[in-house]
Structures are given as structure tokens and as C-alpha cells.
Amino acid sequence: DPIKFISDFTYNIYAGSVSQGVLPAGQTATFKYSNSTYYLQAGELNLTSDAPWRLAPETPSSIFTLTNYTRQLSSKGKRNFNAYRGTFEYAYSVKSDLPYIINELPLEEYVAGIAETGNGSPMEYIKALLVAARSYAFTNIEPADKKNKSLFDVYATTVDQLYLGYNSEADMPRIKEGADSTYGEMVTYGGTP
């Protein structure tokens, strides 16, 4: 199904690495993939490409929402976890025969959106969990020139780690506090994470 993207921030549009223009703040963009072609419609823009779409924010830490995407967890109530920080990518996976939504963001912002525990957990537990989460994510980051297993580094589910993005960060400020207080800390063995 098409994906609808909106942000209060301005995003630069790329087809692969080629600039295609700017998506103004507040403008909805619709993405679709069909018959080896990527489509993007936003206001007057009607673009097609044979390369994946990439929307990069002009301002770091910008937040975008996928308005027709529902990601709820029974343990988290009726909250829809459909808002994320950073760069949005829309790429087709030959292996899965599906288009993927990929959220690219700095490691520390990723850690702040981890939802492996609740806001009410003891702070030392939260900090220990986030050090482990950061270590795990860091060891799974592959340089773009060596990336061969998939289009991205980690799944946002318990296949790797439960990452729920900006809404989780907003709902659980103690997780963000734990991420900030352990900034850059990782578990190492022989100097290697």
C-alpha cells in the first residue's frame, strides 16, 4: 500500500543520491512502488524513479510521521508509534518482495527510542539496558560499501531490538534521560564493542 509522510520540518528529496527537490514543512508526500518503479506524489510534484526514495531533513533531529501507518503494541495501550526522527528511506527489497520503510538516524537518537523496558523501571536498570542496546546496535552497523545482508542495519522489532521512535521517546522521558546519561557508553571486550 502507498505510504503517507508528513513533517513539520523541511526535507530534501533524493532518488538514490540524485536531488529531486524539496518537500516543504507541512506537505504530505505519498510513496508507492510498482513494476520496478518508485513513485512520489506531493502537491504539484509527481516524480518517478528507478532508485529508492530518500528524504533527508534540513535540520538534524527533525521528526516525521507516517500518517497511514499503524504500529501499536498491546503493552503500550492505544498509542500509535508512527513518528520518527531523522531520514526516511523507501526502498524495495528483492529478497522480501516488499518495499521497506527505513529510518536512518544517529545512534544516540536511536537509543533514546528503544522500548525494551518501561518508563517506571529503576534508572540503573534502564541505563544498563541502554548500554547493552547501544553496544548491540553499534556492532550491527555495517559500512555502506560492505552492506550485503539487507537494506538496513537492525530491525525495529524484537528480531533485533524494539525501537518505537519519537512517540516512545516522548512517552518515556526516563528512557531518554538514561540514554543521555550513558551517552556513548558500550560494553567492550579487548577494546572492541
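Higher on the page you've got the structure.
A brief look at the structure comes next. Predicted model, so just to flag it, every value in this text is computed and none were measured.

Thresholds, definitions, all that
Residues numbered from 1 in each chain as written. Predicted model: local features only at pLDDT ≥ 70, side-chain atom pairs only at ≥ 80, totals over all residues. Heavy atoms only, no water. Helix = DSSP H or I, 4+ residues; strand = E, 2+ residues; numbered from the N terminus. Rg over C-alpha atoms; globule rule 2.2 N^0.38 Å. Buried < 20%, exposed > 50% of the residue type's maximum accessible area, 1.4 Å probe, protein only. Contact = heavy atoms within 4.5 Å. Areas by Shrake-Rupley, 256 points an atom, 1.4 Å probe, with all protein chains shown as cover. Lys, Arg positive; Asp, Glu negative; His and termini not counted. Charge placed at Lys NZ, Arg CZ, Asp CG, Glu CD. Pairing = 2+ DSSP bridges. Axes fitted to C-alpha atoms, helices over the stretch in contact; angles between N-to-C directions. Core = buried A, V, L, I, M, F, W, Y, C linked by side-chain atoms within 4.5 Å. Arc of directions from axis to C-beta. Polar contact = N/O pair within 3.5 Å; in protein donor to acceptor, adjacent residues only side chain to side chain.

1. A word on the overall build of the chain
Here's step 1: Along the backbone of the chain there are four helices and eleven strands.
Here's step 2: Against the globule reference of 16 Å for 193 residues, the chain gives a C-alpha radius of gyration of 17 Å, in line with a compact fold.
Here's step 3: Structurally, the chain occupies a C-alpha span of about 50 × 35 × 30 Å along its principal axes.
Here's step 4: Looking at the 193 residues of the chain, the share that counts as buried comes to 40%.
Here's step 5: The contacts of the chain with a sequence gap of at least 6 include a subset with a gap of at least 24, amounting to 60%.
Here's step 6: Carbon and sulfur atoms make up 52% of the accessible area of the chain, which totals about 10,300 Å².
Here's step 7: Across the chain, the mean location of the 16 positive side-chain charges is 5 Å away from that of the 21 negative side-chain charges.

2. Here's the deal with unusual backbone geometry
Here's step 1: The phi dihedral of Ser 61 is positive, around 70°, even though this residue is not glycine.
Here's step 2: Along the chain, Ser 61 turns up in the loop between β7 (53-57) and β8 (63-66).
Here's step 3: On the basis of relative accessibility, which here comes to 27%, the residue Ser 61 falls in the partly exposed class.

3. Digging into the pairing of strand β1 (residues 3-7)
Here's step 1: Burial along β1 is one-sided: Ile 3, Phe 5 and Ser 7 are buried, and none of Lys 4 and Ile 6, which face the opposite way, are.
Here's step 2: Pairing analysis gives three bridges linking β1 to strand β4 (residues 29-34), with the strands arranged antiparallel. Opposite Lys 4, over in β4, you have Thr 30 as the bridge partner.
Here's step 3: Pairing between β1 and β8: three bridges, direction antiparallel. For Ile 6, the partnering residue across the bridge sits in β8 and is Thr 65.

4. Focus on the environment of Gly 43
Here's step 1: Residue position: Gly 43 is located in the loop between β5 (37-42) and β6 (45-49).
Here's step 2: When residues no more than four places from it in sequence are discounted, the contact partners of Gly 43 are Gln 27 and Thr 28.

5. Comments concerning the sheet that holds β4
Here's step 1: Judged by pairing direction, the sheet is antiparallel, and its six strands sit side by side in the order β6-β5-β4-β1-β8-β9 without closing on themselves. Because the sheet does not close on itself, it has two edges, and the strands there are β6 and β9 (83-85). Each strand of the sheet is rotated relative to its neighbour by a mean of 25°, with strand direction disregarded.

6. Remarks on the nonpolar core
Grouped burial of nonpolar side chains is what soluble globular proteins tend to show.
Here's step 1: Membership of the largest hydrophobic core comes to 43 residues, with the highest contact counts inside it found for Phe 5, Phe 31, Trp 53, Leu 55 and Phe 88.
Here's step 2: Per-element accounting of this core gives the leading share, five residues, to helix α2 (residues 123-140).
Here's step 3: Here Phe 88 is in contact with Ile 3, Phe 5, Phe 31, Trp 53, Arg 54, Leu 55, Phe 64, Leu 66, Ile 101 and Ile 102, once residues within four sequence places are set aside.

7. Re the sheet that holds strand β11 (residues 98-104)
Here's step 1: If you walk across this open sheet you meet the five strands as β3-β2-β7-β10-β11, and the pairing is antiparallel. Each end of this open sheet is capped by a strand with a single partner; those strands are β3 (18-23) and β11. Between one strand axis and the next, the sheet turns by 25° as a mean value, whatever way the strands run.
Here's step 2: Alignment of β7 against strand β10 (residues 87-93), held across three bridges, turns out to be antiparallel. Across the sheet, the residue bridging to Leu 55 is Phe 88, located in β10.

8. Some remarks on helix α4 (residues 173-181)
Here's step 1: For α4, every residue scored as buried is listed here: Ile 175, Gly 178 and Ala 179. When α4 is viewed along its axis, its buried side chains cluster within an angular range of 100° and face the same direction.
Here's step 2: At its buried positions, α4 is contacted by α1 (107-112) and α2.

9. Describing the environment of Asp 171
Here's step 1: Here Asp 171 lies in helix α3 (residues 166-171).
Here's step 2: Considered as a pair, Asp 171 and Ser 61 are 110 residues apart in the sequence and their alpha carbons are 17 Å apart.
Here's step 3: Residues within four places of Asp 171 in sequence aside, it is in contact with Arg 79, Phe 81 and Asn 119.
Here's step 4: In terms of polar contacts, Asp 171 uses its side chain to reach the side chain of Arg 79, at 2.8 Å.

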